[in-house]
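So the chains spell out like this:
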Amino acid sequence: MEKTTLPLGIRLARNAELNKGVLLVAFGYAFCYLFMIDYCTAGMNIFYRWSTTSYSQFQHPALFAIWVILCSSAFFLNIGYLRGKYGAPQKWLSALQYMGFFFMILALLVPTHRAPHITLSDYLHYYVHLFGALFFALFNMICVFGVFGYKMKKDKRFKYWLWGGIVFTLAVGPLFAVKLIGFVETAPMLFMMAVLYVLNYTKLMDDKNVSG
């Protein structure tokens, strides 16, 4: 077997067709799941306060587990492919990649708790689940931004991706604190999947398109 110095996170994500397939399936599943949330509680819709994916696990635990596995795998594999494609093999990016995956699985293994929270166990379940989901998003975002920051030293076009990503994060972030709903939770994730698809599987950022 040919030896390589690339971190494990990249070596696991070399199969472009597999990665693309997982990404597309996860995108379609997450999009459809967003509207399935309507049926978790009477009168609920995607703009209702408690229409989060986490709350859907009470009515649809198996479908929620599939959601977690598909979405976490899609980001893990495609961020790894992104790093491999654009030559960003730093070990700290590998650590972030694995930590993002780990925290999403943690959110699956430690279900949230329905409000109101009364006992210490209620609060622990809620906050472990909450921070698991938040750290999943945070570590994956930093990992992608790390690739942009690394590449923009040689390709200034990535500077626009980096600043665009920062502006997007600053615009979307407050919505999670103000009104965490199914739409606010899912739409940014679908957008990031679309960004990964464009960067990984189109020729938009190929080196031959660099001008100066």
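Look above for the structure.
Residues numbered from 1 in each chain as written. Predicted model: local features only at pLDDT ≥ 70, side-chain atom pairs only at ≥ 80, totals over all residues. Heavy atoms only, no water.

Peer 1: Please set out the packing of aromatic side chains residue by residue, giving values where relevant.
Peer 2: Summed over all chains, the structure comprises 23 aromatic pairs. For the pair Phe-135 and Phe-139, a centre-to-centre distance of 5.6 Å together with 20° between the ring planes defines the contact as stacked. Here the residue Phe-135 and the residue Phe-139 both occupy positions in helix α6 (residues 120-151), the gap between them amounting to 4 residues, near one helical turn. Grouped by ring-pair contacts, the aromatic residues Phe-102, Phe-103, Tyr-123, Tyr-126, Tyr-127, Phe-131, Phe-135 and Phe-139 constitute a single cluster. (Phe/Tyr/Trp six-rings, centres within 6.5 Å; stacked < 30°, edge-to-face > 60°. Helix = DSSP H or I, 4+ residues; strand = E, 2+ residues; numbered from the N terminus.)

Peer 1: Lay out the side chain of Ser-72 in plain terms, naming residues and giving numbers.
Peer 2: Relative to the assigned elements, Ser-72 resides in helix α4 (residues 61-85). The exposure class assigned to Ser-72 is buried, which follows from its relative accessible area of 1%. A distance of 3.3 Å separates a polar atom in the side chain of Ser-72 from the backbone oxygen of Ile-69. Contacts of Ser-72, omitting those with residues within four sequence positions, involve Phe-101, Met-104, Ile-105 and Phe-136. (Buried < 20%, exposed > 50% of the residue type's maximum accessible area, 1.4 Å probe, protein only. Polar contact = N/O pair within 3.5 Å; in protein donor to acceptor, adjacent residues only side chain to side chain. Contact = heavy atoms within 4.5 Å.)

Peer 1: How would you summarise the packing of α4 against helix α8 (residues 182-201) if you had to cite specific residues and measurements?
Peer 2: Contact geometry for α4 and α8: axes closest at 10 Å, N-to-C directions at 35°. Along this stretch, α4 crosses α8, giving a crossing that reads as left-handed. Residues Trp-67, Cys-71, Phe-75, Asn-78, Ile-79, Tyr-81, Leu-82 and Lys-85 of α4 pack against Met-189, Met-192, Met-193, Leu-196, Leu-199, Asn-200 and Tyr-201 of α8. By residue class, the composition of the contact of α4 with α8 is 12 nonpolar, 2 polar and 1 charged. (Axes fitted to C-alpha atoms, helices over the stretch in contact; angles between N-to-C directions. Left-handed = near helix turned anticlockwise from the far one by under 90°. Nonpolar A, V, L, I, M, F, W, Y, C, P; charged D, E, K, R; others polar.)

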